[in-house]
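Notes for the structure review
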Amino acid sequence: MSSIPKSIRQQVISEAEQRCEYCLTSSRLIGMPLVIDHILPKSLGGSDERENLAASCYRCNEFKGARIQGIDPETDELTMFFNPRKQLWIEHFAWINGATQVIGVTAAGRVTVIALRINNEYIVATRSIWVARGWHPPY
Ligand SMILES: [Zn+2]
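Residues numbered from 1 in each chain as written. Predicted model: local features only at pLDDT ≥ 70, side-chain atom pairs only at ≥ 80, totals over all residues. Heavy atoms only, no water.

1. Quick look at the overall build of the protein
As a reminder, the rule being used: The helix count covers DSSP runs of H or I at least four residues long, the strand count covers runs of E at least two residues long, and both are numbered beginning at the N terminus. Radius of gyration means the value over C-alpha atoms here, while the globule rule gives 2.2 Å times the residue count to the 0.38 power. Exposure is judged per residue with a 1.4 Å probe applied to protein chains only, and the accessible area is read against the type maximum: over 50% gives exposed, under 20% gives buried, and values in between give partly exposed. We call two residues in contact whenever any of their non-hydrogen atoms come within 4.5 Å of each other. Computed by Shrake-Rupley with a 1.4 Å probe, the accessible areas treat only the displayed protein chains as cover when residues are assessed. The positive count covers Lys and Arg only, the negative count covers Asp and Glu only, and His and the chain ends enter neither. Positions of charges follow a simple convention, taking NZ of Lys, CZ of Arg, CG of Asp or CD of Glu.
Along the protein, the regular secondary structure elements total six helices and six strands. When the helices and strands of the protein are listed from N to C terminus, the series reads α-α-β-β-α-β-β-α-β-β-α-α. Here the protein has a C-alpha radius of gyration of 15 Å; the compact-globule value for 139 residues is 14 Å, and the two agree. Along the three orthogonal principal directions, the C-alpha set of the protein runs to about 40 × 35 × 25 Å. For the protein, buried positions account for 43% of its 139 residues. Considering only intrachain contacts with a sequence separation of at least 6, the fraction spanning at least 24 residues in the protein is 53%. Summing over all exposed atoms, the protein offers an accessible surface of approximately 7700 Å²; the carbon and sulfur share of this is 53%. Side-chain charges of the protein comprise 15 positive and 14 negative groups, with the mean position of each set lying 8 Å from the other.

See the structure below:
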């Protein structure tokens, strides 16, 4: 059971504007609540403080698991994942292919896209529907 107070959970999700802070999927579009991600996982000593918490969709959170880094395919270097509390999404990612896919434009962006499977076939197909409706991308 989580020890994060409900008020903090609501603050995290509200400040993220009900979007996953990794893939920017809106909880309103998927009809599922977001979860609270520990940027540094609790199993690695991460705290329940606001600065270690991010709003995440269920999929990103599951794929991230208890990891914090991955190998960047461009540099072959071990690189920390994107940190939504310390970094700006727009500086690390960009939409491509009619905003149906995300590319990492930095090493942190690239390892995050890969590890969290931000371009998995299910969400890419769904994004194309959102784009056609004018609901996506948020920015
Ligand atoms: Zn997500």
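2. Re the packing of aromatic side chains
The cut-off we apply is this: The rule is short: rings of Phe, Tyr and Trp, with Trp giving its six-membered ring, pair when the centres are within 6.5 Å, and they are stacked under 30 degrees, edge-to-face over 60, tilted in between.
Tallied over the entire structure, the rule returns five aromatic pairs. Between Trp89 and Trp95 the ring centres are 5.3 Å apart and the planes differ by 35°, which places this aromatic pair in the tilted class. One aromatic cluster is present, formed by Tyr22, Phe82, Trp89, Phe93, Trp95 and Tyr139 through successive ring pairs.

3. Regarding the coordination of the zinc ion
The following threshold applies: With water omitted from the atoms examined, metal sites may look incomplete; donors here are N, O and S atoms no farther than 2.8 Å from the metal, or 3.2 Å in the case of Na, K and Ca. The rule is simple: four donors are tetrahedral if all their angles sit between 85 and 135 degrees, four are square planar and six octahedral if opposite donors span more than 155 degrees and the others lie between 65 and 115, and anything that fits none of that is irregular.
Only Cys20 (SG), Cys23 (SG), Cys57 (SG) and Cys60 (SG) from the protein coordinate the zinc ion, and they sit 2.3 to 2.4 Å from it. Classification of the site at the zinc ion as tetrahedral follows from its four donor atoms and the range of 101 to 116° in their angles at the metal.

4. Description of the nonpolar core
Stated formally: Buried Ala, Val, Leu, Ile, Met, Phe, Trp, Tyr and Cys residues that are joined via side-chain atoms within 4.5 Å together make up what is termed a nonpolar core.
Of all hydrophobic cores here, the largest spans 28 residues; its most connected members are Cys20, Tyr22, Cys60, Trp89, Val102 and Ile118. Secondary-structure elements contributing two or more residues to this core are helix 1 (6-15), strand 2 (53-56), strand 5 (93-96) and helix 5 (107-115).

5. Description of the environment of Pro33
Along the chain, Pro33 falls in the loop between helix 2 (27-30) and strand 1 (35-38). Since its relative accessible area comes to 65%, Pro33 is described here as exposed. In this structure, the C-alpha to C-alpha distance between Pro33 and Gly109, residues 76 residues apart in sequence, is 24 Å.

6. Concerning the pattern of salt bridges
What counts, and what does not: Salt bridge, as used here: a side-chain nitrogen of Lys or Arg that lies within 4 Å of a carboxyl oxygen of Asp or Glu.
Under the counting rule described, the total for this entry stands at seven salt bridges. Taking the shortest distance from any N to any O, the salt bridge between Glu74 and Arg110 comes out at 3.6 Å. Of this pair, Glu74 sits in the loop between strand 3 (69-71) and strand 4 (78-80) while Arg110 sits in helix 5, and the two are 36 residues apart along the sequence. Given a relative accessible area of 15%, Arg110 falls into the buried group.

7. A closer look at unusual backbone geometry
His136 connects to Pro137 through a cis peptide bond whose omega is 0°. Unlike most non-glycine residues, Glu17 shows phi in positive territory, near 55°. The topology assignment puts Glu17 in the loop between helix 1 and helix 2. The residue Ala99 is not glycine, and still its phi comes out positive at about 70°. Structurally, Ala99 can be placed in the loop between strand 5 and strand 6 (101-104). Among the residues examined, Ala99 registers a relative accessible area of 10% and is labelled buried.

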